Amino acid sequence: MSDILRRHRVAALLGAALIISPFVVSFAQSAGNTVPTTQTPVAGITAPNGSFAPIVAADKPAVVTITTVMKAPPASADDSTPLGNSPFDDYFRQFFGDQGMPAPRTPPQQQAQRAEALGSGFIVAADGTIVTNNHVVDGASSIKVTLDDGTELPAKLVGSDAKNDLAVLKIKADKPLPTVKWGDSDKLMTGDQVLAIGNPFGIGTTVTAGIVSARGRDLHSGPFDDFIQIDAPINHGNSGGPLVDVNGNVVGINAAIYSPNGGSVGVGFAIPSDQAQKVVAKLEKGGSIQYGYLGVEIQPVTPDVASAIGLDHPGGALVSQVNDGSPAARAGVETGDVITGFAGQDVKDPKDLSRAVADVAPGAREPLEVWRKGKAVQISVDVGQNSDDVKTASVTDGSGAPGQGNRAPAIGLGLMDITPDIRQQLNLADNQRGAVVASVSPDKAAAASGIEPGDLIVAVNQVPVKNARQVTQAIAQAGKSGRKSVLLLVERDGGQIYVAVPFANG
């Protein structure tokens, strides 16, 4: 789970709302949405007197309800357990148990048989091709689609992609089905009006109106995070439903909400249509998608980091660790490199690199541009294949969270050499070198940058160090050189991360 999700408690996928009895829902009185008195006529659909009715009339027949059935494990013998052994226990603990509300419970006899989940989707081809979220159908043993007219049909999973959270279904009907058209999400601007259509809480197809609140939101849920943030109310069951513009075209797929209480608070997120349409086309052909893999841990280049390594401006992706045996390791990528370009694309930040690498077909040989020790270096890398449990390029936030001796000047560190006892206590390899952080002054820059006692400093300004004396000397030299900060490579809990510590705070 990402830092933003931890900070805000819940940023939840919407589709997996269990259909159980009793279902506890906290209803809030709504003031309703204020509908503008003017609306631009578009694509043959007009909105007289500010009404969205023509758009809804055109699109609603193509929106479907998706019900999935999953085998549930046998019920616990303890009938008093609030959530039993449902696969959605953690989900409900987030949305009900942690909020002081009674958590819904599946009777033991139902748990032993099946669990049902609810979501939405929309028809993009008259032959019955349907788009929805992957998390709506993930793990389903059977899938049922309910059309807007109430017709229920079995559905087949054509393909799914967890990294983009998209899935394609197919149903067979005895007549051509109504469809919606893809729109151009790249043309969306903050403030544009949008409609969300879906089946929240299983109460039936529902339409809500709002605006685009922001673009390019990153929830740290995958390499392709580029969510559209909206204030149109969406809730559990809306997942997979379309977000449409005033043309009546699909510009997004509703996927997640931020909620401190389990219900909509007006902060929802949708997958952009331009991203989704490309993925859907691939899923229709192959059923799955292969992604590229580089094998590096990366972090942002902050102004302090840029100052420490001699860059004239922040930008790119700083390599804090190269995974053994990875494509990056074989290509000669080094810890401390700043990747500024990949496959002909500029890399402005770590997310740019993650997306670019993931989008390259495994086996392709691509150019990699890096900034290394004050010089631009060109490298060629054979991109590997990413699996579901491997990130294309793992991103850390650079906050100092990767997991008395000499005192480094100005920044507030107490350092010690690696003794046999310390080596054993920290489970360090016999050849491991560096300096152990024995103490951190709470009012100094090192503490503010996230350095903690027990951290191991293995390099200063991208130069490896063997002991506490070398660390102290290197920090002192960095201070004398006129740089505003010093760059420390810190090892913690088996991971490495660069931490820029400013001298100004020392």
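Our subject is the structure listed above.
Being a predicted model, the structure only gives us computed values, none of them experimental.

A. How the structure looks around the packing of aromatic side chains. One pass over the full model with this rule turns up two aromatic pairs. Measuring from ring centre to ring centre gives 5.7 Å for Phe122 and Trp182, while their planes differ by 80°; the resulting arrangement is edge-to-face. Of this pair, Phe122 sits in strand E4 (residues 115-125) while Trp182 sits in the loop between strand E8 (166-170) and strand E9 (193-198), and the two are 60 residues apart along the sequence. Taking the centre distance of 6.3 Å and the plane angle of 70° together, the rings of Phe227 and Phe269 count as edge-to-face. Here Phe269 lies in strand E14 (residues 268-272) and Phe227 lies in strand E11 (residues 227-230), a separation of 42 residues in the sequence. Each member of the pair Phe227 and Phe269 is classed as buried.

B. Expanded view of the nonpolar core. Counting 43 residues, the largest nonpolar core has Ile66, Ile130, Val145, Leu147, Leu169 and Ile171 as its most contacted members. Residues in contact with Leu147, not counting those within four places in the same chain, are Val64, Ile123, Leu153, Ile171 and Leu177.

C. Structural view of the side chain of Thr129. Assignment of secondary structure puts Thr129 in strand E5 (residues 129-132). There is a polar contact of 3.0 Å between the side chain of Thr129 and the side chain of Asp127. Once you skip the residues sitting within four places of it in the chain, Thr129 turns out to touch Phe122, Ile123, Val124, Val168, Leu169, Lys170 and Glu284.

D. Expanded view of the pairing of strand E27 (residues 456-460). Burial analysis of E27 places five of its five residues in the buried class, the great majority of the element. Both E27 and strand E29 (residues 485-492) contribute to a ladder of four bridges, which runs antiparallel. What sits directly across from Ile457, in E29, is Val490. Of the strand pairs in this sheet, E27 and strand E28 (residues 463-464) are connected by two bridges, and their pairing is antiparallel. Bridge assignment links Val460 to a residue of E28, and that residue is Val463. Taking the residues between adjacent antiparallel strands as the criterion, E27 and E28 are bridged by two residues, where Asn461 takes a positive phi near 50°.

Parameters at a glance
- Sequence order as written defines residue numbering, which begins from 1 separately in each chain.
- At least 70 in pLDDT is required for a residue's local features to be given in this predicted model, at least 80 for side-chain atom pairs to be given and counted, and no such filter applies to totals for whole chains, interfaces and linings, which use all residues.
- With hydrogens and water excluded, all non-hydrogen atoms of the structure serve as input to the side-chain values.
- For Phe, Tyr and Trp, rings pair up if their centres lie within 6.5 Å, where Trp contributes its six-membered ring, and each pair is then called stacked (planes under 30 degrees apart), edge-to-face (over 60) or tilted (otherwise).
- Secondary structure elements follow DSSP: runs of H or I of four or more residues count as helices, runs of E of two or more count as strands, with numbering from the N terminus.
- Accessible area is worked out with a 1.4 Å probe on protein chains only. A residue is then buried under 20% of its type maximum, exposed over 50%, and partly exposed in between.
- Nonpolar core, defined: a set of buried Ala, Val, Leu, Ile, Met, Phe, Trp, Tyr and Cys residues in which side-chain atoms within 4.5 Å join the residues together.
- Contacts are assigned to residue pairs that have any heavy atoms within 4.5 Å of one another.
- Polar contact is defined as a pair of N or O atoms within 3.5 Å, subject to the rule that within protein one atom must be able to donate a hydrogen and the other to accept it, and that residues adjacent in sequence are counted only when both atoms are side-chain atoms.
- Only strands joined by at least two bridges in the DSSP assignment are considered to pair.

Read these as spatial facts, not as claims about activity.
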